[in-house]
Amino acid sequence: MICKGYWFEVFADESMTIPLDVFGGAVGFELAEDSMDEAEQFAMDVVEAEEKRYWEVLKEIV
């Protein structure tokens, strides 16, 4: 299905040379509306959820 959406790239450094993740968000699926505010909030939510999961997995290992 073709729809509007956004691609997000997450980097480990401010110079954006060390990529960590790339993911997308589609309007009408992950994004309720086609707005920059909605896209930014979605990206922050995904990063926060991934960070939380990272710490949970790290605790299981240690």
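Our subject is the structure listed above.
Described in the following lines is the structure provided in the data block. Residue numbers here run from 1 along each chain, matching the order of that chain's written sequence. Local features in a predicted model are, by the rule used here, given only for residues with pLDDT of at least 70; side-chain atom pairs are given and counted only at 80 or more, and totals for whole chains, interfaces and linings are based on all residues. Processing note: side-chain calculations cover all non-hydrogen atoms of the structure and skip hydrogens and water entirely.

Side note on the overall build of the protein
What counts, and what does not: Numbering goes from the N terminus for both helices and strands, where a helix is a DSSP run of H or I of at least four residues and a strand is a run of E of at least two. Radius of gyration here is computed from C-alpha atoms only, and the compact-globule reference equals 2.2 Å multiplied by the residue count raised to the power 0.38. Note on classification: 1.4 Å probe, protein chains only; a residue is buried when its accessible area is under 20% of the maximum for its type, exposed when over 50%, partly exposed between these limits.
A count of helical and extended segments in the protein gives 1 helix and 2 strands. Starting at the N terminus, the α and β elements of the protein follow one another as β-β-α. Against the globule reference of 11 Å for 62 residues, the protein gives a C-alpha radius of gyration of 14 Å, more extended than a compact globule. C-alpha extents for the protein along the principal axes are approximately 40 × 25 × 20 Å. Taking all 62 residues of the protein together, the buried fraction comes to 18%.

Section: the pattern of salt bridges
Rules: Salt bridge, as used here: a side-chain nitrogen of Lys or Arg that lies within 4 Å of a carboxyl oxygen of Asp or Glu.
Applying the stated criterion across every chain, the model contains 2 salt bridges. A salt bridge links K4 to D34; its shortest N-O distance comes to 3.7 Å. Of this pair, K4 sits in the segment before β1 (5-11) while D34 sits in the loop between β2 (19-26) and α1 (36-61), and the two are 30 residues apart along the sequence. With a relative accessible area of 58%, K4 lands in the exposed category. For E56, the salt bridge goes to R53, with nearest N and O atoms at 3.5 Å. One end of the pair, E56, and the other, R53, are both in helix α1, 3 residues apart, so they sit about a helical turn from each other. Relative accessible area serves as the criterion here: at 34%, E56 is assigned to the partly exposed category. The exposure class assigned to R53 is partly exposed, which follows from its relative accessible area of 43%.

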